[in-house]
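If you want the building blocks of each chain, they are given just below.
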4 protein chains.
Amino acid sequence: MIKVGVAGYGVIGQRLADGVALQKDMELVGVADLAPTLSIRALRERGMPYPLYLVDGADATKFADLDIPVSGTFADLIGKVDVMLDSSPGGVGAKNKALYEKAGVKAVFQGGENNSVADVFFHGYANYEKGLGADYLKLTSCNTTGLIRSVDCLDRAFGVDRVAITIIRRVADPGDYHRGLTNALQMDKAPSHQAVDLMTIMPHVEATGILVHTPVTHGHIITVVAHGKNGRITRDQALGAFKAHDRIRVVRIDDGFLGNASFFRYARDLGNSRGDMYEIGLWEDSLVETGDNIMYAINIPQESVTIPESIDAVRAAMKMQHDSATATAETNKYLNLGNWKSIKGY
Amino acid sequence: MIKVGVAGYGVIGQRLADGVALQKDMELVGVADLAPTLSIRALRERGMPYPLYLVDGADATKFADLDIPVSGTFADLIGKVDVMLDSSPGGVGAKNKALYEKAGVKAVFQGGENNSVADVFFHGYANYEKGLGADYLKLTSCNTTGLIRSVDCLDRAFGVDRVAITIIRRVADPGDYHRGLTNALQMDKAPSHQAVDLMTIMPHVEATGILVHTPVTHGHIITVVAHGKNGRITRDQALGAFKAHDRIRVVRIDDGFLGNASFFRYARDLGNSRGDMYEIGLWEDSLVETGDNIMYAINIPQESVTIPESIDAVRAAMKMQHDSATATAETNKYLNLGNWKSIKGY
Amino acid sequence: MIKVGVAGYGVIGQRLADGVALQKDMELVGVADLAPTLSIRALRERGMPYPLYLVDGADATKFADLDIPVSGTFADLIGKVDVMLDSSPGGVGAKNKALYEKAGVKAVFQGGENNSVADVFFHGYANYEKGLGADYLKLTSCNTTGLIRSVDCLDRAFGVDRVAITIIRRVADPGDYHRGLTNALQMDKAPSHQAVDLMTIMPHVEATGILVHTPVTHGHIITVVAHGKNGRITRDQALGAFKAHDRIRVVRIDDGFLGNASFFRYARDLGNSRGDMYEIGLWEDSLVETGDNIMYAINIPQESVTIPESIDAVRAAMKMQHDSATATAETNKYLNLGNWKSIKGY
Amino acid sequence: MIKVGVAGYGVIGQRLADGVALQKDMELVGVADLAPTLSIRALRERGMPYPLYLVDGADATKFADLDIPVSGTFADLIGKVDVMLDSSPGGVGAKNKALYEKAGVKAVFQGGENNSVADVFFHGYANYEKGLGADYLKLTSCNTTGLIRSVDCLDRAFGVDRVAITIIRRVADPGDYHRGLTNALQMDKAPSHQAVDLMTIMPHVEATGILVHTPVTHGHIITVVAHGKNGRITRDQALGAFKAHDRIRVVRIDDGFLGNASFFRYARDLGNSRGDMYEIGLWEDSLVETGDNIMYAINIPQESVTIPESIDAVRAAMKMQHDSATATAETNKYLNLGNWKSIKGY
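Please read all numbers here as calculations on a predicted model, not as lab measurements.

Let's talk about the relation of the copies chain A and chain C
Alright, step 1. Structural alignment of chain A on chain C gives an RMSD of 0.0 Å, achieved by rotating through 180° and translating 0.0 Å along the axis. Overall, the copies show the geometry of a two-fold rotation axis.
Alright, step 2. Taken together, the interface assignments show that 100% of the residues at the interface of chain A recur at the interface of chain C, consistent with an identical surface on both copies.

Printed below as a string of structure tokens:
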């Protein structure tokens, strides 16, 4: 059993903890945080399913005042794990790295950290092998993770040498108040970092794109124009490849998947924890051909989409599996991913 | 074991089914619907935890095409239950009533139906006794249900004879596309129906109010100016009464409950199914005195707030308990309501 | 002086009237409508700058009750004009056509009508010559009009044979309550009609695209991937062509044009009537090359962008000018378009 | 002619300049700002209707690079005026005050400054006489200004001794990107500062209230429960008083005023500069009686509502008129306020 800790129990950290807890070949040792946030209060009200450790600077009396049990310090947690999933606020992970190095513990950082924090910029499908045995890995961001899933899927099947993307970005998570946008679409300078990051992970692909922020909270939508390296990729070919992928859910507007909020609605109705979805959505109705390109739209559930690839990263770092296909299959099995493919009518 | 069915497996129906399934003295026999909506597809993907019956007009082949198991007709379901929770689209419940009458089955309708469909317009706390043994009950709407909880709470403790409310209404549920509002606050004509409905349930209180629609999806907020029948209700008195209530959760801005979306965030983090919350929220920071009035703001989780009172209605109709205090305590026990009161710092 | 009438004094009709009134070689005879809407009430409060005629079915007493002067019937208006700009609600224009034909009056319809209503589907730059002397013309929709401006601009300069677009569509106009969207991005089936319409106007270009509705009111944003017929179109080439266009305003994020709402803010600050803008915006920061394609993002002010091309259509129908360059120059002169090019720093 | 300057040419400053320019007994000498913002660029593109002066710290070369004519320094402007309308960013006005004192120039500050900056906290109707001859006045905020208009109106006619308000606050202005809110209603701690400020201006009234932020940009809505000092204020009485006020526009839902965005739509259609409205809106449909209270809802056009009272403040400071009735009548005459009352059907 690989022992895993989670640093930072926020939007991503909670989901990393849930995801690791579902892996039968991993043990979630505990989570670490700084203050009794709403998420920590919820953990308390749930009866502390995960042991809590306090990072440096935490005020223990605040936790005691709320009867929140504390299992030790961050150093204690580090001492008990093989690998840390670090979802601390941006910049904190880099500081934590010194502690990990000192303790000889591996770590997987999230997209908010600077690339320099890690030895390998990692994606479970596109470059798993690069992460094998690495000490410090950094995950791609939510948009990049989902985007690469779809481009890698086409690339493996048919070859892709160029993509142009338009990211229609949700601007905040449900429950955010500090980074909203009201009645405005906001532009970023092109090319978007997601396109640049894709090229780092998939250096044989030329990528560019434009990102527009929109005032919604339930999932980014990305349109992708992907150029076939070996000539036209047909609509049927692309559809077939996407439908066979365990982390891509192909949907249709006529079935009720009208937009990004439908995925959230469906995940809640499925009984998924927090209404989360690990898979990206892909609209069958969006698939069109143009020249030697295939164009399509995907939905990125920003809060949870990076969890599977983060778990893949643990597998790579700890050499639990030696290739992407085997590793992602293990992660998917425990996260119950891809089972929808067997339902008639999919 | 009281046998219960649910007609209409939409936003409310799903939650009614979940709520009934948690009651150890009730049995959820099944749910009925018309078409393979996203919610029915999710039921299928979950493995059919609730048996599905088809209402008249349903096209069985559409269900067969998706391998969705069907347990019978709506008439079959009616034949198996003691009471039906009817959350069909507005107007359909009135038609269903004829079927219930024919079969000698009781029914509890939701707020969308016309009052004339029922013998009793019902609230679990404010007029439970009126519902005792009744055949047809209609629940108050989500806003009215939550509002009455708070006004009844003050009324029992201190006496209330007049309220003036401002309803800041969320305009759509997460996943709705057909009834949105973009960058606008929309007025309804005063007095709002919620104030009028409150007077029907609590005839000794004079109520009026103004409703404004706002472009959000996570919970209505209502401000209430309640007049003490017996003189000033102090802030401390009101706070004490609210904190003791099992369906009112008192919160503070400084603890992270910044607005309506915080309740949704907290419910998701609690692991509540669908991120739902049965209790209303009440901001301690909103409580202010003015003349002989106490003023405060509450949060109404529109999708799930009526579930407890709907289950109370089953208890009343079936005479499972003979007074409000006993009945609501049973409902609350199975829904795990009010346990937060024992946590230090509440 | 060409005599022009406007049928339908709504969002578009008001702006057509304002635009025609500015043309020194046209006379706005009057506007026609059905009911005393807010726009008609505003016309009254402004002192009736445009004479009002009532269409069939209007209740004259409602206008009298509000002291709104009426100059005659729709038939009276038709009898006084050479050409009618018809911005009636979708479908009404087709009925009006019979009246125009009977009276021997030409007409220009807006994008909401079916293509079959017109002899020519028209754009002032891309196919002006097709409209010369035509009796019935239909304008492209707001998105298509703005999109074609930019594609035609590149096509004339460098040749374009293929475009793939992503339309990030504003879902309602300021003041709309009936067609909103709240916290959701909604998908349309691909290809979008705007791409299809572009191919009708510019048959030598292959076009496809995806449209996503967003909950904002101040302007659509479209990203365009345009393929050079004769090889790579460089960023500098494209920028030069766009900057020289009188209906395209090139802007930069660093100058304060952060998104679609900045154009509205700027137009209000310019003192433009209603805060309108006739020109599309184009972000210099969005221009990127990819393969033989140039990619860029434009902003479409949906309420007013079709006004210049609609006036061009009058010029074509009445043969006021015989080629696009001369005709659009006249329209632009009276609408004060393109003068920003002479300001240092543009 | 009273000579007036405007410090800070932002959202409020532009409107102050426009408002002063319309007063036939005042001369707008010029406006001052720091950087070539969008608003300054628009001033340039309009041909500099108002002379521009640069405050300390401005980089003159940036203006020269854009061919923006500069008429002098802030000190130059101060030297030319009798009174300065200071709409600098919050906190800057307090620093500017030292310059005004040194130059012996009076000043009127906006709501963003601390109360201590001024000798008098001012409202044109409620305490004009307090401002007579004062050197430094501070305007109430937009919500407080509009709220007081309505409460003062009732108070003069019938006597008011207590109000409880709910402020449904728009969170950003059109064109803002930095202070939005997405799909959330956000609470402030009670009592709201607007209620507290009302008590400062109208010390004989007890006021409290709750403020909720909403994700819209076109106008705050406030509901008011006002208690009659001398017994019940009837609906008809209140309606009569409101309809007679020159800065309150009474509207009806059935006429098309469905919400806050309707006022903006109407103001644009009226041809008002920037689509602004100086008057508050009051819904006839919202007026209801409760006990000895009258309850109603008003709409506050946040960008422009304080302009008339700011001009009143100039009149008071300069003793141009000696009582509120005469002074506000002059301001209203030049701003064309209240003329709607003569239109049949109002």
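Focus: the pairing of strand β14 (residues 280-283) of chain C
All names here are of chain C.
Alright, step 1. Burial of the side chains of β14 extends over both faces: Ile-280 and Leu-282 are buried on one face and Gly-281 and Trp-283 on the other.
Alright, step 2. In terms of strand pairing, strand β13 (residues 248-251) meets β14 through four bridges, oriented parallel. Counterpart to Val-251 in the pairing with β14 is Trp-283.
Alright, step 3. In this view, the connection linking β13 to its parallel neighbour β14 by way of helix α9 (residues 260-269) has right-handed handedness.

Some thoughts on the sheet that holds strand β6 (residues 106-109) of chain A
Residues and elements named next belong to chain A.
Alright, step 1. Across the sheet, eight strands lie side by side as β4-β3-β2-β1-β5-β6-β8-β7; this open sheet has parallel pairing. The sheet is open, and its two edges are formed by β4 (72-73) and β7 (120-122), each paired on a single side.
Alright, step 2. Bridge count between β6 and strand β8 (residues 136-139): three bridges; the pairing is parallel. When the sheet's bridge partners are listed, Val-108 is paired in β8 with Leu-137.
Alright, step 3. Packed onto the sheet, helix α1 (residues 11-21) meets β1 (2-7), β2 (26-33) and β5 (83-86) and runs at close to 160° relative to β2.

Structural notes on the environment of D:Phe122
All names here are of chain D.
Alright, step 1. Within the secondary structure layout, Phe-122 lies in strand β7 (residues 120-122).
Alright, step 2. Phe-122 gets classed as buried once you look at its relative accessible area, which sits at 0%.
Alright, step 3. The spacing of Phe-122 and Ile-201 is 79 residues in sequence and 7.1 Å in space, taken between C-alpha atoms.
Alright, step 4. Each residue touching Phe-122, except ones within four places of it in the same chain, is listed here: Asn-127, Tyr-128, Gly-131, Leu-137, Lys-138, Leu-139, Thr-140, Ile-201, Glu-309, Asp-312, Ala-313 and Ala-316.

A short note on the packing of aromatic side chains
Alright, step 1. Considering all chains together, one arrives at 34 aromatic pairs over all chains under this definition.
Alright, step 2. Measuring from centroid to centroid gives 5.1 Å for C:Phe257 and C:Phe263, while their planes differ by 40°, and the two rings are tilted.
Alright, step 3. Look at C:Phe257 and you get buried, because its relative accessible area is 6%.
Alright, step 4. Just above the ring of D:Trp340 sits the side chain of D:Arg249; from NZ or CZ to the centre is 4.4 Å.

Some words on the interface of chain D and chain A
Alright, step 1. The partner chain A presents 13 residues to the 13 residues of chain D that form the contact.
Alright, step 2. Buried area between chain D and chain A, both sides added, is near 970 Å², and the carbon and sulfur share of it is 56%.
Alright, step 3. Per-residue buried area on chain D facing chain A is highest for D:Tyr177, D:Gly180 and D:Thr182; these three make up 54% of the total on that side.
Alright, step 4. Counting the contacts that link chain D with chain A gives zero salt bridges.
Alright, step 5. Joining chain D to chain A, the criterion identifies two residue pairs in polar contact (both at pLDDT 80 or more).
Alright, step 6. By residue class, the composition of the side of chain D that touches chain A is seven nonpolar, five polar and one charged.

Conventions adopted
Residues numbered from 1 in each chain as written. Chains lettered and ligands numbered in written order. Predicted model: local features only at pLDDT ≥ 70, side-chain atom pairs only at ≥ 80, totals over all residues. Heavy atoms only, no water. Least-squares fit on C-alpha atoms with pLDDT ≥ 70 in both. Contact = heavy atoms within 4.5 Å. Buried < 20%, exposed > 50% of the residue type's maximum accessible area, 1.4 Å probe, protein only. Helix = DSSP H or I, 4+ residues; strand = E, 2+ residues; numbered from the N terminus. Pairing = 2+ DSSP bridges. Right-handed = clockwise from strand over helix to strand, strands pointing away. Axes fitted to C-alpha atoms, helices over the stretch in contact; angles between N-to-C directions. Phe/Tyr/Trp six-rings, centres within 6.5 Å; stacked < 30°, edge-to-face > 60°. Lys NZ or Arg CZ within 6 Å of the ring centre and 35° of its normal. Buried area = accessible area lost by both parts, 1.4 Å probe. Salt bridge = Lys/Arg side-chain N within 4 Å of Asp/Glu carboxyl O. Polar contact = N/O pair within 3.5 Å; in protein donor to acceptor, adjacent residues only side chain to side chain. Nonpolar A, V, L, I, M, F, W, Y, C, P; charged D, E, K, R; others polar.

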